[in-house]
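# Overview (structure and organization)
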Protein chains: 2
Amino acid sequence: MTEAMSRVTREHYHHGALRQAMIAAAEAVLAERGLGGFTLRECARRAGVSPAAPAHHFGNLTGLLTTIATLGFDDLSDAMEAAVASAQAQGRSRLAAIARAYVETALGNPGRFRVVFGQREMDRQDAAFRAAATRSFGILVREVRLSRGLQPSRLPDEKPAAQAPAPDLPEVLLAWSAVHGFSTLLIDGALDFLTAEEGRQAFLDKHAARLFALLASALSAGQGLAKEAARD
Amino acid sequence: MTEAMSRVTREHYHHGALRQAMIAAAEAVLAERGLGGFTLRECARRAGVSPAAPAHHFGNLTGLLTTIATLGFDDLSDAMEAAVASAQAQGRSRLAAIARAYVETALGNPGRFRVVFGQREMDRQDAAFRAAATRSFGILVREVRLSRGLQPSRLPDEKPAAQAPAPDLPEVLLAWSAVHGFSTLLIDGALDFLTAEEGRQAFLDKHAARLFALLASALSAGQGLAKEAARD
DNA sequence: CCCGGTATCTTAACGACGTCAAGATTATTT
DNA sequence: AAATAATCTTGACGTCGTTAAGATACCGGG
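Residues numbered from 1 in each chain as written. Chains lettered and ligands numbered in written order. Predicted model: local features only at pLDDT ≥ 70, side-chain atom pairs only at ≥ 80, totals over all residues. Heavy atoms only, no water.

As annotated in an unreviewed UniProt entry, chain A carries the name TetR/AcrR family transcriptional regulator and comes from Bosea minatitlanensis.

This is the structure in structure tokens:
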């Protein structure tokens, strides 16, 4: 049924590094076409492989997206850590630097950012993904506590997600929500009617810093100010 | 080729109210299956019509989604206005009520909420959609200004989007970003590792009010008008 | 060395999707 | 009443994710 295979096909019958090639192709597709134009077949095409080949490495589309989401979360963590280090060295606000890094990561590759936050079906229970998510959240918790003048954590490397953030949870939630919401509103075009005139980058340069400063002041403002309204 | 049409088909050849039926079907599909399970063919199936029929009323899938997004934005505005009125009558915080209404709208039908914010290709330039979006934004601007003890607007019904919010823009952006980010993090499951233990609703009852109170205090902090924040 | 088992990849096909062209049917206008 | 427009169906096209069956390459134990 297949005696006449093309020479090039036979020579490359085994790709050899398909998993890495698929990941690279997926990131390229997300960067070029966004999540809407993302397709398993297109990724396979770019990797020079049949549409069924990726199944051996990722199971199905969900598996590939879970992998991409994990890598994206790691990059988000790296970007935040780098921003913190750079801000520390320059004596600027660590929290504002984190916020800017978060927004820039989202704007830099909206498709990838959307994959990270599950706009397309993926496995959020995946162990590697959960680890990556926990790391990001830990960075946020640490920085929020630091910005409030508290100890970051007893031990620097204990699991920061499940245990510590109880007392500062509202502050952490506000910080994450604000930064994440601002990012998603931007990449979804919900703020276009505000940014269209001056351009998105100019808008960011003009207003983002004030927004982040307002957020930072909110986090350090009231130690117990929020409590009496808990009933509402 | 078509002499033998089924009797029921011939009698209902013209649906009569397909546009409304498609909208109803679309909302039902979004509520049941979410945005991931949303399909033009499935909506047509529920409306009792062939897959090609909706094209005459919506052009294509993008047109249908734009319509749904417009209705969803209107519902969001209605929910916010109702929450404000109710909070006013009971002497509670208007801003917290808006925030809660926003989150509840998102959690009540995540698929629809995602359509509103363009997770699937739609026409954001559509006039009706822009009007609905502007209305929502206007409500938010008004309430943020009110919460800061300022006049809501010179004239109550002039276009509030393009002109007014310049001075309070950072506060408005923080409010919208925080509430929107909190909503999307919740419906995307990014907070599941926090909500899994006690359940999502219990988590909301416990922490959402504190989060919103923190936000409200942040908005009034800048000008030093702590009147409302002190009460709520 | 080679030989069998296993991992990897291709081919071919399936059903579902959005969309379009062509035709049938009903509503509206003239 | 005839012509025109609006509405809906049929059938088809190309693309998608996935699967089963078969082909090919790698690899460790005789």
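### Points about the overall build of chain A
What chain A contains, in helices and strands, is 11 helices and zero strands. Sequence-ordered secondary structure for chain A, helices as α and strands as β, is α-α-α-α-α-α-α-α-α-α-α. Classification of the 232 residues of chain A by burial places 46% in the buried group. Long-range pairs, those at least 24 residues apart, make up 67% of the contacts in chain A with a sequence separation of at least 6. With an accessible surface of roughly 11600 Å², chain A has 53% of that area assigned to carbon and sulfur atoms. (Helix = DSSP H or I, 4+ residues; strand = E, 2+ residues; numbered from the N terminus. Buried < 20%, exposed > 50% of the residue type's maximum accessible area, 1.4 Å probe, protein only. Contact = heavy atoms within 4.5 Å. Areas by Shrake-Rupley, 256 points an atom, 1.4 Å probe, with all protein chains shown as cover.)

### A closer look at the side chain of H207(B)
Structurally, the position occupied by H207(B) is in helix 11 (residues 200-221). Beyond its immediate stretch of four places on either side in the chain, H207(B) contacts L169(A), L173(A) and E198(B).

### Quick notes on the UniProt feature "DNA-binding region" (unreviewed entry) in chain A
Under the feature "DNA-binding region" (unreviewed entry), the UniProt entry names residues 39-58 of chain A. End-to-end, the C-alpha atoms of residues 39-58 of chain A are 14 Å apart, and along that stretch the chain is 55% helix and 0% strand. (UniProt positions renumbered as here; feature names shortened; annotations may be inferred.)

### A short note on the pattern of salt bridges
All names here are of chain B. Taken as a whole and judged by the stated rule, the model has 34 salt bridges over all chains. Here E32 and R46 are joined by a salt bridge, their closest N and O atoms 3.0 Å apart. One end of the pair, E32, is in helix 2 (residues 18-33); the other, R46, is in helix 3 (residues 40-46), and 14 residues separate them in sequence. On the basis of relative accessible area, E32 is assigned to the exposed category, the value being 54%. Salt-bridge contacts for R112 lead to D75; the nearest nitrogen and oxygen are separated by 2.3 Å. Here R112, found in helix 7 (residues 110-116), pairs with D75, found in helix 5 (residues 61-89); they are 37 residues apart in sequence, far enough to count as distant. (Salt bridge = Lys/Arg side-chain N within 4 Å of Asp/Glu carboxyl O.)

### Looking at helix 9 (residues 169-187) of chain A
All names here are of chain A. The end-to-end C-alpha distance of helix 9, which contains 19 residues, comes to 27 Å, matching closely the 27 Å that a straight helix rising 1.5 Å per residue would cover. With 19 of its 19 residues buried, helix 9 lies for the most part within the structure. Positive backbone phi, at 80°, marks G189, one or two positions downstream of helix 9. (Expected span 1.5 Å × (residues − 1).)

### A word on the protein's contact with DNA strand C
In the vicinity of DNA strand C there are 25 residues, among which Y13(A), H56(A), H57(A), R41(B) and R45(B) approach most closely. In DNA strand C, atoms within 4 Å of the protein come from the sugar-phosphate backbone in 58% of cases. Take H15(A): an N or O atom from its main chain is 2.9 Å from a phosphate oxygen of DNA strand C. Taking R45(B), its side chain carries an N or O atom lying 2.6 Å from a phosphate oxygen of DNA strand C. Only helix 4 (55-58) of chain A together with helix 3 of chain B provide two or more residues apiece to the surface near DNA strand C. Here the surface near DNA strand C takes three residues from helix 3 of chain B, the largest share from any one element. The class makeup of the residues in the surface near DNA strand C is 12 nonpolar, 10 polar and three charged. (Near = heavy atom within 4 Å. Polar contact = N/O pair within 3.5 Å; in protein donor to acceptor, adjacent residues only side chain to side chain. Nonpolar A, V, L, I, M, F, W, Y, C, P; charged D, E, K, R; others polar.)

### Topic: the interface of chain B and chain A
Opposite the 43 residues of chain B that make contact, chain A presents 41 residues. Both faces considered, chain B and chain A share a buried interface measuring about 4000 Å² in area, 71% of it formed by carbon and sulfur atoms. A per-residue breakdown of the area chain B buries against chain A is headed by D188(B), R210(B) and L214(B), which together make up 17% of the total. At the junction of chain B and chain A, the tally comes to zero salt bridges. Our enumeration of links across chain B and chain A arrives at four residue pairs in polar contact (both at pLDDT 80 or more). Elements represented by at least two residues in the side of chain B that touches chain A include exactly helix 6 (94-108), helix 9 (169-187), helix 10 (192-195) and helix 11 of chain B. Among the elements that make up the side of chain B that touches chain A, the one with the highest residue count is helix 9 of chain B (13 residues). Across the side of chain B that touches chain A, the residue classes break down as 26 nonpolar, nine polar and eight charged. (Buried area = accessible area lost by both parts, 1.4 Å probe.)

### Let's talk about the nonpolar core
Among the nonpolar cores identified, the biggest contains 130 residues, and F182(A) and F182(B) are the most heavily contacted of them. In this view, F182(A) contacts V103(A), S177(A), L191(A), F203(A), L204(A), A208(A), L211(A), F212(A), L173(B) and S177(B); residues no more than four positions away in its chain are not counted. (Core = buried A, V, L, I, M, F, W, Y, C linked by side-chain atoms within 4.5 Å.)

### Side note on the packing of aromatic side chains
All names here are of chain A. All told, the structure shown has 14 aromatic pairs over all chains when counted by the stated rule. Note on F113 and F117: the rings are 5.0 Å apart at their centroids and 50° apart in plane angle, and the pair reads as tilted. Here the two residues F113 and F117 agree in accessibility, since each one is buried. By way of ring pairs, the aromatic residues F73, Y102, F113, F117 and F129 are connected into one cluster. (Phe/Tyr/Trp six-rings, centres within 6.5 Å; stacked < 30°, edge-to-face > 60°.)

### A short note on the relation of the copies chain B and chain A
The operation relating chain B to chain A is a screw motion whose rotation component is 180°, with 0.0 Å of axial translation and a residual RMSD of 0.0 Å. What the superposition gives is, in effect, a two-fold axis relating one chain to the other. Comparing interface residues between copies, 84% of those in chain B also lie at the interface in chain A; the contact surface is shared. (Least-squares fit on C-alpha atoms with pLDDT ≥ 70 in both.)

### Overview of the packing of helix 5 (residues 61-90) of chain A against helix 8 (residues 127-147) of chain A
Residue and element names in this part refer to chain A. Running from amino to carboxyl end, helix 5 crosses helix 8 at an angle of 20°, the nearest separation of the two axes being 8 Å. Here helix 8 runs roughly parallel to helix 5, going by the angle between their axes. Judged by the sense of rotation from one axis to the other, the crossing of helix 5 with helix 8 is left-handed. In this structure, helix 5 uses T66, A69, T70, F73, D74, L76, S77, D78, M80, E81 and V84 to contact helix 8, whose residues at the interface are A128, F129, A132, A133, R135, S136, I139, R142 and E143. Its residues assigned to classes, the contact of helix 5 with helix 8 shows 10 nonpolar, four polar and six charged. (Axes fitted to C-alpha atoms, helices over the stretch in contact; angles between N-to-C directions. Parallel < 35°, antiparallel > 145°, perpendicular 65-115°, else oblique. Left-handed = near helix turned anticlockwise from the far one by under 90°.)

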